[in-house]
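Okay, here's what each chain looks like letter by letter:
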Amino acid sequence: MANILVTGANGQLGSEIRKNGFSILDDVFYTDMEELDITNYTAVEKFVQLHEIDTIINCAAYTAVDRAEEEPEKAAKINVLAVANLANIAAKEDCLLIHISTDYVFDGIANKPYTEKDKPTPISVYGKTKLAGEQEILKSDCLYIIIRTAWLYSSFGHNFVKTILRLADEKEEISVINDQMGSPTYAADLANVIATIMENDERVEYKGIYHFSNEGICSWYDFATEIVSLSGKTCRVNPITTAEYPSHTPRPAWSVLDKTKIRQIFGVDIPEWKFSLRRMLESYNK
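Presented here is an overview of the structure given in this document.

**Some remarks on helix α6 (residues 160–170)**
Moving on, step 1. Within α6, burial applies to V161, I164, L165, L167 and A168.
Moving on, step 2. Residues of α6 that are buried make contact with β6 (152–153), β7 (173–177), α8 (220–230) and α10 (273–284).
Moving on, step 3. Where α6 begins, the capping side chain belongs to N159, and its oxygen is found 3.2 Å from the backbone nitrogen of V161.

Here you go:
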């Protein structure tokens, strides 16, 4: 039995975790900013102590990559300060902190999947704040599992899949970047991984950083083309380069993560991205 605090519970991953659930023996507290302001150290400490929390799953994050360039303080408040609060309280109260991070901690110039041992070199404000959050966890000396993921999508919230579905209904053709490569991640699959970790009685022994995304590699253009095809829409998808896209925010050209460690340690099943996309669309269209 565990007392679990899930932060950012109304976001994509938090909503999938809520839908997936945990053991019926666990007491789970799903919170978002309205219920618990994780930038407020005292509020978090009181909540953890009152409910005797032993595991914190932090799904909260500032993820607006373009807007972060214009408001770095707001990004840092959620991605650094709040994470530091959770980590320091986890260390003080002897909690396990499971924290979700990102492929954006890397610069994207690699030519092979990034492992947990590769040196992070973020190139955007978003990536820099997420790495700073990781560093706060390491400094706290709490029990932690950091899971870096990439290209997250779900039937909940705002994401690339839902944007493409909307645009495909509104336009006869759209243009999508074809020179940024990665692996999409269905948030429901990541929720399953977290549940698997929670079921492992020795999870606190496996402190460290892990990578998780769905299997396979594609570009945003490939991803969009598959979304349109599987949804039966007739919109034409045209490939363009990053240079042609109207954004000045630097993004990794290569966001492929090596999942060997999480597969070996926790024995997780990792579906191929097209299979997971089909599952998401089938669920979303019901």
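Let's pick the thread back up.
**Focus on the state of the cysteines**
Moving on, step 1. Summed over the entire model, instances satisfying the criterion amount to zero disulfides.
Moving on, step 2. Between C95, a free cysteine, and C142, which holds the nearest cysteine sulfur, the sulfur-to-sulfur gap is 9.0 Å.
Moving on, step 3. Exposure remark for C95: the relative accessible area of 1% places this residue in the buried category.
Moving on, step 4. On the basis of relative accessibility, which here comes to 1%, the residue C142 falls in the buried class.

**Brief notes about the sheet that holds strand β10 (residues 208–211)**
Moving on, step 1. With respect to topology, six strands assemble into an open sheet ordered β2-β1-β3-β4-β5-β10, the strand pairing being parallel. Whereas interior strands pair on both sides, the edge strands pair on one side only; in this sheet they are β2 (27–30) and β10. Going across the sheet, the axis of each strand differs from the next one's by a mean of 20°, ignoring polarity.
Moving on, step 2. Running at roughly 160° to strand β4 (residues 96–102), helix α5 (residues 125–140) makes contact with β4, β5 (143–149) and β10 of the sheet.
Moving on, step 3. Each of β1 (3–7), β3 (55–58), β4 and β5 touches helix α7 (residues 187–199); the most contacted strand, β5, lies at about 160° to it.

**Quick look at the side chain of T102**
Moving on, step 1. Within the secondary structure, T102 sits in strand β4.
Moving on, step 2. Residue classification places T102 among the buried positions, given a relative accessible area of 4%.
Moving on, step 3. Only 3.0 Å separates the side chain of T102 from the backbone nitrogen of Y104, close enough to count as a polar contact.
Moving on, step 4. If we ignore the near neighbours within four places in the chain, the residues touching T102 are Y126, K130, R148 and T149.

**Remarks on the packing of aromatic side chains**
Working definition: an aromatic ring pair is given by the centre-to-centre distance plus the angle between the planes.
Moving on, step 1. For the structure shown, the criterion picks out 13 aromatic pairs.
Moving on, step 2. Each ring, one from W151 and one from F223, has its centre 6.4 Å from the other, and the planes form 15°; the classification is stacked. Residue W151 is located in the loop between β5 and β6, and its partner F223 is located in helix α8; the two are separated by 72 residues in the primary sequence. There is no split in this pair, since W151 and F223 are both buried.
Moving on, step 3. Ring plane angle 85° and centroid distance 5.6 Å describe the contact between F223 and W273, whose orientation is recorded as edge-to-face. With a gap of 50 residues between them, F223 in helix α8 and W273 in helix α10 connect regions that are remote in the sequence. Summarising the burial analysis for this pair, F223 and W273 share the class buried.
Moving on, step 4. Of the aromatic side chains, those joined through ring pairs into one cluster are W151, Y153, F160, Y186, W220, F223 and W273.

Quick notes on the rules
Residues numbered from 1 in each chain as written. Predicted model: local features only at pLDDT ≥ 70, side-chain atom pairs only at ≥ 80, totals over all residues. Heavy atoms only, no water. Buried < 20%, exposed > 50% of the residue type's maximum accessible area, 1.4 Å probe, protein only. Helix = DSSP H or I, 4+ residues; strand = E, 2+ residues; numbered from the N terminus. Contact = heavy atoms within 4.5 Å. Polar contact = N/O pair within 3.5 Å; in protein donor to acceptor, adjacent residues only side chain to side chain. Disulfide = S-S within 2.5 Å. Pairing = 2+ DSSP bridges. Axes fitted to C-alpha atoms, helices over the stretch in contact; angles between N-to-C directions. Phe/Tyr/Trp six-rings, centres within 6.5 Å; stacked < 30°, edge-to-face > 60°.

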